[in-house]
Amino acid sequence: MQNETVLRPKQAPKRLLSKGVRDHLVAYSFIAPNFIGFAIFTLVPMFFAFVLAFVKWDGSNPMEFIGFDNFTRLIKDTTFHKALWNTIVYTVGVVPFTMAVALALAILLNQKIIARNFMRTVFFFPYVASLVAVAAVWNFIFSPTMGPVNNILHLITGVPIEDLPRWAADKQWAMFTVILFTVWKNMGYYMVIYLAGLQGINPELYEAAELDGANAWRRFRNVTVPQLAPTTFFVLMILVINSFKVYDIFINLFAGADNQLNDSTRVMVYQIYNTAFRSLDYGYASAMAIVLFLLVLGITIVQFRGEKKYGQ
Amino acid sequence: MTGTNQGFKIATKVLIYALLAVAVFCMLVPYIWMLSSSLKLNKDVFSFPMQWIPANPRWENFQDIWTRIPLGRFIYNTAKLSVIVTLLQLLTSSFAAYAFSKLHFKGKNVLFLGYIATIAIPWQAYMVPQFILMRQLGLNNTHMAIILLQAFSAFGVFLMRQFYQGVPDELCEAARIDGLSEYGIWAKIMLPLSKPALSTLTIFTFVSTWNDFLGPMIYLTRTELKTIQIGLRMFISQYSAEYGLIMAASVVSIIPVVIVFLALQKYFVQGVASSGIKG
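Residues numbered from 1 in each chain as written. Chains lettered and ligands numbered in written order. Predicted model: local features only at pLDDT ≥ 70, side-chain atom pairs only at ≥ 80, totals over all residues. Heavy atoms only, no water.

1. Overview of the overall build of chain A
Secondary structure summary: chain A contains 14 helices and 2 strands in total. A compact globule built from 312 residues should have a C-alpha radius of gyration of about 20 Å, whereas chain A, at 26 Å, is more than 25% larger. Principal-axis analysis of the C-alpha atoms places the extent of chain A at approximately 90 × 75 × 35 Å. In chain A, which comprises 312 residues, the proportion classed as buried is 51%. In chain A, the share of contacts with a sequence separation of at least 24, taken over all contacts with a separation of at least 6, comes to 64%. When the accessible surface of chain A is split by element, carbon and sulfur atoms take 64% of a total near 15600 Å². In chain A, the 25 positive side-chain charges and the 18 negative ones have mean positions that sit 10 Å from each other. (Helix = DSSP H or I, 4+ residues; strand = E, 2+ residues; numbered from the N terminus. Rg over C-alpha atoms; globule rule 2.2 N^0.38 Å. Buried < 20%, exposed > 50% of the residue type's maximum accessible area, 1.4 Å probe, protein only. Contact = heavy atoms within 4.5 Å. Areas by Shrake-Rupley, 256 points an atom, 1.4 Å probe, with all protein chains shown as cover. Lys, Arg positive; Asp, Glu negative; His and termini not counted. Charge placed at Lys NZ, Arg CZ, Asp CG, Glu CD.)

This is the structure in structure tokens:
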């Protein structure tokens, strides 16, 4: 790359600035509009997130450097532990469930099937539909006493409506409800990624396997799965990271007018939001944010290692 | 042998179609229910067995919501933010991506690596210091905060650069020999060529700004500034028993996304697919 600049013929007449300097200025002028905004509103806050994690600050009184106190406080904070635990449970539920459904849909919709494009659109649409609106519908449909889901369950099973799960309003069922909702809302996105992966597989591999007498299951196991490994790693990574960042789904499914979540539904980002914007404990909230960042970073590194090892 | 094989194939086909039909039905029910309920009185929304097509559709719901909440204001705010953010995003991303892809300058690789690295960092991890910065700049409770927050994404630069990498360098060289400036090449050659990538970025940015929840929730606390998402959320939590009206407002909030999505669907699917493979 640098060779090229050197090799370029220097036939341009000498002006105020040499050609090399002018070329650089032009290049920087292309980058600048995006980079200046990006640096101020993304890079600077990122840097300050690390600084804030080591101070005690309410936004108006002077900042006080307190070393690792915020982190030692986190170790004893049972509410935060609950939020971390709920986030992990949610992730463990959402990730395999979404991957399985998305892959199954992709395989089905990769065949020659009537109304294939219509079906792809139907499965993809919840991903772009406004969350607040679809969460409202879900809460109505899964309403414990009035909703059609429990009414139908009551008709089929004969169990009195009072004894049926109360879904989002039920401590035992809340996590299941939100996992089901998340899979419904997002699986279409991952289906499209899998579809692209499937279309990248050389059809000759399937023909060869068929000639060798491999049945559908063996073809799936020995051709599709290994060929899709890079796609699967990508999907896995995005899914895990997105599950750790979750906030809006929980608020819209569970919270009332006060936007508060209880012990069985609080998640990490909710805890960060509340600590910062309700309790005005900016330093402590940033310490939580650092934990979130390190978890996501750790997962990313582990998955990149895994991809190197097991992906092609 | 072939007979049973044939029978087996038909049985599989039938099973697949049955499965898909059930799945499609489950996917569509919530929207049908939303649409149907939006035309009902509150007391009829939960009547069971349910009436899919209301006997006396209550169109007034769609009139009332505009007066019960400043829905027009919310939609105007959201549309304004989505359009401005999308335009800025398209402009600055394609501009920067051109330099990253077709120009040579010191620090290019380091800078681009920096962009890529930040894509993986969750915004939620630095939303607190970002809020403090915005407040220092006096931007809390302004639309400018949301615009500055969304308009300069690393993802846009990445997506556009991926596309420009596929455009042969010889094309730019030829244009340079013809005397076109770098700005001219960007405007007259790269932009027209990159319509698919621009469409993908448009739909991604528009939909994510339209549907953004946490950003507006942090920055826009005054009612007249709210976007449709947090406005709708406010309405739902304040009038939780106004089932018909809530569903009508929900229908209205989804319509613009449906239009953008159906119009640019092809690019959306391509975009998801390509960002997935190259990511």
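2. Observations concerning the overall build of chain B
Counting its secondary structure elements, chain B contains 14 helices and 0 strands. In terms of overall dimensions, chain B is more spread out than a globule: its C-alpha atoms have a radius of gyration of 24 Å, far above the 19 Å expected for 279 residues. Counting contacts in chain B only where the partners sit at least 6 residues apart, residues at least 24 apart contribute 72% of the total. With the model as given, the accessible surface of chain B reaches about 12600 Å², and the carbon-plus-sulfur share is 68%. Averaging the locations of the 21 positively and 11 negatively charged side chains of chain B gives two centres separated by 5 Å.

3. Observations concerning the side chain of A:His24
Locating A:His24 in the fold gives a position in helix H2 (residues 19-52). At 2.8 Å, the side chain of A:His24 forms a polar contact with the backbone nitrogen of B:Lys106. Ignoring any residue separated from it by four or fewer positions in sequence, one finds A:His24 in contact with B:His104, B:Phe105 and B:Lys106. (Polar contact = N/O pair within 3.5 Å; in protein donor to acceptor, adjacent residues only side chain to side chain.)

4. Looking at the environment of B:Ser101
All names here are of chain B. When you line up the elements, Ser101 lands in helix H4 (residues 71-102). Residue class for Ser101 comes out buried when judged on its relative accessible area of 10%. For Ser101 and Gly166, which are 65 residues apart along the polypeptide, the C-alpha to C-alpha distance reads 9.5 Å.

5. Let's talk about the packing of aromatic side chains
According to the stated counting rule, one finds 45 aromatic pairs over all chains in the structure shown. On the numbers, 6.4 Å between centres and 50° between planes, the contact of A:Phe35 with A:Phe38 is tilted. Placement of both A:Phe35 and A:Phe38 in helix H2 is noted, with a separation of 3 residues, approximately one turn of the helix. Judged by relative accessible area, which is 26%, A:Phe35 ranks as partly exposed. Measuring from centroid to centroid gives 5.8 Å for A:Trp57 and A:Tyr282, while their planes differ by 50°, and the two rings are tilted. Remark: A:Tyr282 occurs in helix H14 (residues 282-310) and A:Trp57 occurs in the loop between strand E1 (55-56) and strand E2 (64-65); sequence separation between them is 225 residues. When sorted by exposure, A:Trp57 lands in the same class as A:Tyr282, which is buried. The ring of A:Tyr284 carries A:Arg73 above its face, with NZ or CZ at 3.6 Å from the centroid. Residue placement shows B:Arg68 over the ring face of B:Tyr239; its charged tip is 4.8 Å from the ring centre. (Phe/Tyr/Trp six-rings, centres within 6.5 Å; stacked < 30°, edge-to-face > 60°. Lys NZ or Arg CZ within 6 Å of the ring centre and 35° of its normal.)

6. Describing the interface of chain B and chain A
The interface is formed by 86 residues belonging to chain B together with 91 residues belonging to chain A. Interface of chain B and chain A: buried area, both sides summed, is about 8000 Å²; carbon and sulfur atoms make up 78% of it. At the junction of chain B and chain A, the tally comes to 0 salt bridges. Between the two partners, chain B and chain A, sit 16 residue pairs in polar contact (both at pLDDT 80 or more). With 18 residues, the single largest contributor to the side of chain B that touches chain A is helix H14 (residues 243-278) of chain B. Partitioned by chemical class, the residues of the side of chain B that touches chain A number 63 nonpolar, 17 polar and 6 charged. (Buried area = accessible area lost by both parts, 1.4 Å probe. Salt bridge = Lys/Arg side-chain N within 4 Å of Asp/Glu carboxyl O. Nonpolar A, V, L, I, M, F, W, Y, C, P; charged D, E, K, R; others polar.)

7. Topic: the environment of B:Glu224
All names here are of chain B. If you trace the backbone, Glu224 turns up in the loop between helix H12 (214-219) and helix H13 (228-238). Owing to a relative accessible area of 39%, Glu224 belongs among the partly exposed residues under this scheme. Residues within four places of Glu224 in sequence aside, it is in contact with Arg73 and Asn77. Engagement of the side chain of Glu224 in a polar contact is seen with the side chain of Arg222, the distance being 2.9 Å.

8. What to know about the nonpolar core
Core analysis: the largest hydrophobic core is formed by 191 residues, its most contacted members being A:Phe123 and B:Val128. At 16 residues, helix H8 (residues 171-199) of chain A tops the list of elements feeding residues into this core. If sequence neighbours within four positions are ignored, B:Val128 has contacts with A:Leu52, A:Ile272, A:Ala276, A:Phe277, A:Tyr282, A:Ala285 and A:Ser286. (Core = buried A, V, L, I, M, F, W, Y, C linked by side-chain atoms within 4.5 Å.)

9. A few points about the confidence of the model for chain B
When the pLDDT values of chain B are averaged, the result is 88; 96% of them are 70 or greater. Across chain B, the element-wise mean pLDDT spans from 79 in H14(B) up to 95 in H12(B). (pLDDT = per-residue confidence, 0-100.)

10. Examining helix H6 (residues 127-136) of chain B
Across the 10 residues of H6(B), 7 count as buried, placing the element largely inside the fold. Phi turns positive, to about 75°, at B:Gly138, one or two residues after H6(B).

11. Thoughts on the packing of H4(B) against H13(B)
Residue and element names in this part refer to chain B. For the pair H4 and H13, interaxial distance at closest approach is 8 Å and the crossing angle is 155°. With respect to their mutual orientation, H4 and H13 come out roughly antiparallel. Contacts between H4 and H13 involve Leu71, Phe74, Ile75 and Thr78 on the former and, on the latter, Ile228, Gly231 and Met234. (Axes fitted to C-alpha atoms, helices over the stretch in contact; angles between N-to-C directions. Parallel < 35°, antiparallel > 145°, perpendicular 65-115°, else oblique.)

12. Description of unusual backbone geometry
Residues and elements named next belong to chain A. At Ala115, a residue that is not glycine, the phi angle is positive and equals roughly 60°. Here Ala115 lies in the loop between helix H4 (78-108) and helix H5 (116-128). Although it is not a glycine, Asn259 adopts a positive phi angle of roughly 60°. Mapped onto the secondary structure, Asn259 falls in the loop between helix H12 (248-254) and helix H13 (268-277).

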